[in-house]
Amino acid sequence: MIKLVLLDIDGTLTRDRSTEALDPDAIAAVQEIVGNYVIGLVTGNALIVAQALSRYIGLPRGSPVIAENGCIMDYGGEVRELCEDLNLRETALRLMKLIPGLRPTYQFNYRRFDITLWAPGNPNELIGIVREELRKMGLDGRVRVSHSGYALHLQPINSSKAVAVKYLCNAMGITCNDVVYIGDSDTDADVMGIVGYGVAVANATEELKRRAKIMLDKPSGKGVADFLRNYLPRL
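Residues numbered from 1 in each chain as written. Predicted model: local features only at pLDDT ≥ 70, side-chain atom pairs only at ≥ 80, totals over all residues. Heavy atoms only, no water.

K.L.:
Give me the side chain of K161: which residues, what numbers.
P.N.:
Residue position: K161 is located in helix α5 (residues 161–172). Side chain to side chain, K161 and D8 meet in a polar contact 3.3 Å long. Residue contacts for K161: discarding those within four places in its chain leaves D8, V42, T43, G44, N69, G70, Y181, T187, D188, D190 and V191. (Helix = DSSP H or I, 4+ residues; strand = E, 2+ residues; numbered from the N terminus. Polar contact = N/O pair within 3.5 Å; in protein donor to acceptor, adjacent residues only side chain to side chain. Contact = heavy atoms within 4.5 Å.)

K.L.:
With reference to specific residues and values, describe the state of the cysteines.
P.N.:
Taken as a whole and assessed by the stated rule, the structure comprises zero disulfides. Summary of cysteine pairing: C83 is not part of a disulfide, and the nearest cysteine sulfur, belonging to C71, is at 3.2 Å. Residue C83 is classed as buried on the basis of its relative accessible area of 11%. Looking at the unpaired C169, the closest cysteine sulfur is the one in C176, lying at 3.4 Å. (Disulfide = S-S within 2.5 Å. Buried < 20%, exposed > 50% of the residue type's maximum accessible area, 1.4 Å probe, protein only.)

K.L.:
An account of the pattern of salt bridges is requested, with residue identities and associated values reported.
P.N.:
Applying the stated rule across the entire model yields 17 salt bridges. K3 serves as the salt-bridge partner of D178, at 4.0 Å between the closest nitrogen and oxygen. One end of the pair, D178, is in the loop between α5 and β10 (179–183); the other, K3, is in the segment before β1 (4–7), and 175 residues separate them in sequence. In this structure D178 comes out as buried when scored by relative accessible area, which is 15%. Judged by its relative accessible area of 37%, K3 falls in the partly exposed class. Look at the salt bridges and you will find they share partners, linking D8, K161 and D188 into a network. (Salt bridge = Lys/Arg side-chain N within 4 Å of Asp/Glu carboxyl O.)

K.L.:
Hey, could you go over helix α1 (residues 24–33) for me, with residue numbers and the actual values?
P.N.:
Among the residues of α1, A26, I27, A29, V30 and I33 are the ones counted as buried. Axial view of α1: buried residues confined to an arc of 160 degrees, hence all on one face. Buried residues along α1 sit against β1, β2 (38–42) and α8 (220–231). Put simply, D23 is the residue that caps the front of α1, since its side-chain oxygen is 2.8 Å from the backbone nitrogen of D25. (Arc of directions from axis to C-beta.)

K.L.:
Tell me what's going on with the packing of α1 against α8, and back it up with residues and numbers.
P.N.:
At their nearest, the axes of α1 and α8 sit 8 Å apart, and the two run at 25 degrees to each other. When the axes of α1 and α8 are compared, the pair comes out roughly parallel. In the crossing of α1 with α8, the sense of the turn from one axis to the other is left-handed. Facing α1, whose interface residues are D25, A26, A28, A29, V30, E32 and I33, α8 presents G221, K222, V224, A225, L228 and R229. When its residues are assigned to classes, the contact of α1 with α8 shows eight nonpolar, one polar and four charged. (Axes fitted to C-alpha atoms, helices over the stretch in contact; angles between N-to-C directions. Parallel < 35°, antiparallel > 145°, perpendicular 65-115°, else oblique. Left-handed = near helix turned anticlockwise from the far one by under 90°. Nonpolar A, V, L, I, M, F, W, Y, C, P; charged D, E, K, R; others polar.)

What follows is the structure, given as structure tokens:
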């Protein structure tokens, strides 16, 4: 029996992976099932952004919100920090002086643990350059460097969306097998192996498609809307 539905935001509740515009059909579908399931958001966004979005899309107060790629969670009105504080904002400021083109995202000042940066060029090459600089700073093995498709992320190595989802399930007194999780990017991939129903939208990354248990045939928000209306009630 499904007891929790968790939704990524960017690329999942949006119109597609290239825009921050929410898909109206996805939001309508979420509102249609609010009374039937506990629904939560799991995102790389800053907590304040995710909290506001939770309210505006119609989730009840106290609904679970996992932000900063699993580093921090708001559930039942209580904010819980789920990873160590490495002061990565200061690290990011140092990196911006060392790597041309690297600059803060608009959420930079509102993030505590998972720090995001924008930069031109190939994401994989950028990750390699950043990892080398972190090694020189003595942070090798302590910081996870990833790219969500939207921004470069620096976060403590012991944090992830999967760690946070496990914590949430424990706090709710349910098993992860009773959870549906819908996502689109590599940052969602580790969750696919711990929940009962890991779902990838049609335009998800290849890594996520490989690890998901359910593949949708519609992209981003359209896939979410179709799943919530036509497939979720059968699970």
